[in-house]
Amino acid sequence: LLMAEATYFVGTTASVAGATKNHLTLMNSGGSGRLMKIYSIRAAGAPTAAVTGLVIPLSAFRCTVNPLGGTAATIFSAATGQSVMAATTAIAWTNASSMTLEASPFGVGVVSGEETTGANETELYSYTLAGIRPLEVGPGSGVTVRQGILASAGAVSVTIWFSLV
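First things first, this report covers the structure right here in the doc. Keep in mind that what you see is a predicted model, and the values were worked out from it rather than measured.

**What to know about the nonpolar core**
Now for step 1: Judged by nonpolar contacts, the single largest core of 28 residues is most densely connected at Leu26, Ile38, Ile41, Ile160 and Phe162.
Now for step 2: Here this core gets five residues from one element, more than from any other, and that element is strand β13 (residues 155–164).
Now for step 3: Leaving out residues up to four positions away in the same chain, Leu26 has contacts with Val10, Met36, Ile38, Ile75, Ala90, Ile91, Ala92, Gly142, Val143, Ile160 and Phe162.
Now for step 4: Core analysis: the next-biggest nonpolar cluster, separate from the first, contains five residues, Cys63, Trp93, Ala96 and Met99 among them.

Here's what the structure looks like:
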């Protein structure tokens, strides 16, 4: 008998651009005792003004140490009947700071904050792109989507799809 893993997602909508800002952070709680599998991290531009020529560079990093500040983000189930994720298992924040990042990002991309841009999204990570395994994140670790050092303009929306096993 095969059973699919319960899948969850978390996202932020129109997170205002800011240099080195962590737009969305997802942590596998230290005491969860479970392995988090990241399936997809996507970002899209969310224009807020009539500006041109500006891009929002984004990188996806593994991180450790629960971040400070920010605003709690709700983690939702992808299926009807599954419960919303308990904070003892996983926690998410928008605009958090002070976490420790790994030296190299595992995903990079660019979106635009200008209102005249058409299809304006990027896939920062997807395990299906190269046929690789999902990114695994142990207890006490997480992932974050961070903007580069360019201040830019506009906003970005980010979603992360994952499971816990």
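Anyway, onward from the coordinates.
**Focus: unusual backbone geometry**
Now for step 1: At Thr20, a residue that is not glycine, the phi angle is positive and equals roughly 50 degrees.
Now for step 2: Residue placement: Thr20 occurs in the loop between β1 (7–16) and β2 (22–28).
Now for step 3: Relative accessible area serves as the criterion here: at 40%, Thr20 is assigned to the partly exposed category.
Now for step 4: If you check the backbone angles, Asn95 has positive phi at about 55 degrees while not being a glycine.
Now for step 5: Here Asn95 lies in the loop between β7 (90–94) and β8 (100–101).

**Re the pairing of strand β4 (residues 55–64)**
Now for step 1: Sheet topology note: the β4/strand β9 (residues 107–112) ladder contains six bridges and is antiparallel. Paired with Ser59 across the strands is Val108, a residue of β9.
Now for step 2: Of the pairings in the sheet, the one linking β4 to strand β12 (residues 141–147) comprises seven bridges and is antiparallel in character. Its bridge partner being in β12, Arg62 is matched across the sheet by Val143.
Now for step 3: Bridge analysis of β4 against β8 gives two bridges, and the strand direction is antiparallel. Across the sheet, residue Thr64 finds its bridge partner in β8, namely Thr100.

**A short note on the pattern of salt bridges**
Now for step 1: Inspection of every chain in the model, using the stated rule, returns four salt bridges.
Now for step 2: Measuring nitrogen to oxygen at the nearest pair gives 2.2 Å for the salt bridge that ties Arg42 to Glu121. Here Arg42, found in strand β3 (residues 36–45), pairs with Glu121, found in strand β10 (residues 121–126); they are 79 residues apart in sequence, far enough to count as distant.
Now for step 3: The residue Glu102 makes a salt bridge to Arg62 at a minimum N-O spacing of 3.9 Å. Of this pair, Glu102 sits in the loop between β8 and β9 while Arg62 sits in strand β4, and the two are 40 residues apart along the sequence.

**With respect to a nonpolar patch on the surface**
Now for step 1: A surface patch of nonpolar side chains, amounting to about 220 Å² of accessible area, comprises Val55, Val110 and Leu150.
Now for step 2: Within the fold, Leu150 resides in the loop between β12 and β13.

Cut-offs used in this document
Residues numbered from 1 in each chain as written. Predicted model: local features only at pLDDT ≥ 70, side-chain atom pairs only at ≥ 80, totals over all residues. Heavy atoms only, no water. Core = buried A, V, L, I, M, F, W, Y, C linked by side-chain atoms within 4.5 Å. Buried < 20%, exposed > 50% of the residue type's maximum accessible area, 1.4 Å probe, protein only. Helix = DSSP H or I, 4+ residues; strand = E, 2+ residues; numbered from the N terminus. Contact = heavy atoms within 4.5 Å. Pairing = 2+ DSSP bridges. Salt bridge = Lys/Arg side-chain N within 4 Å of Asp/Glu carboxyl O. Patch = residues over 30% accessible without salt bridge, like charges linked within 9 Å, V, L, I, M, F, W, Y side chains within 5 Å. Areas by Shrake-Rupley, 256 points an atom, 1.4 Å probe, with all protein chains shown as cover.

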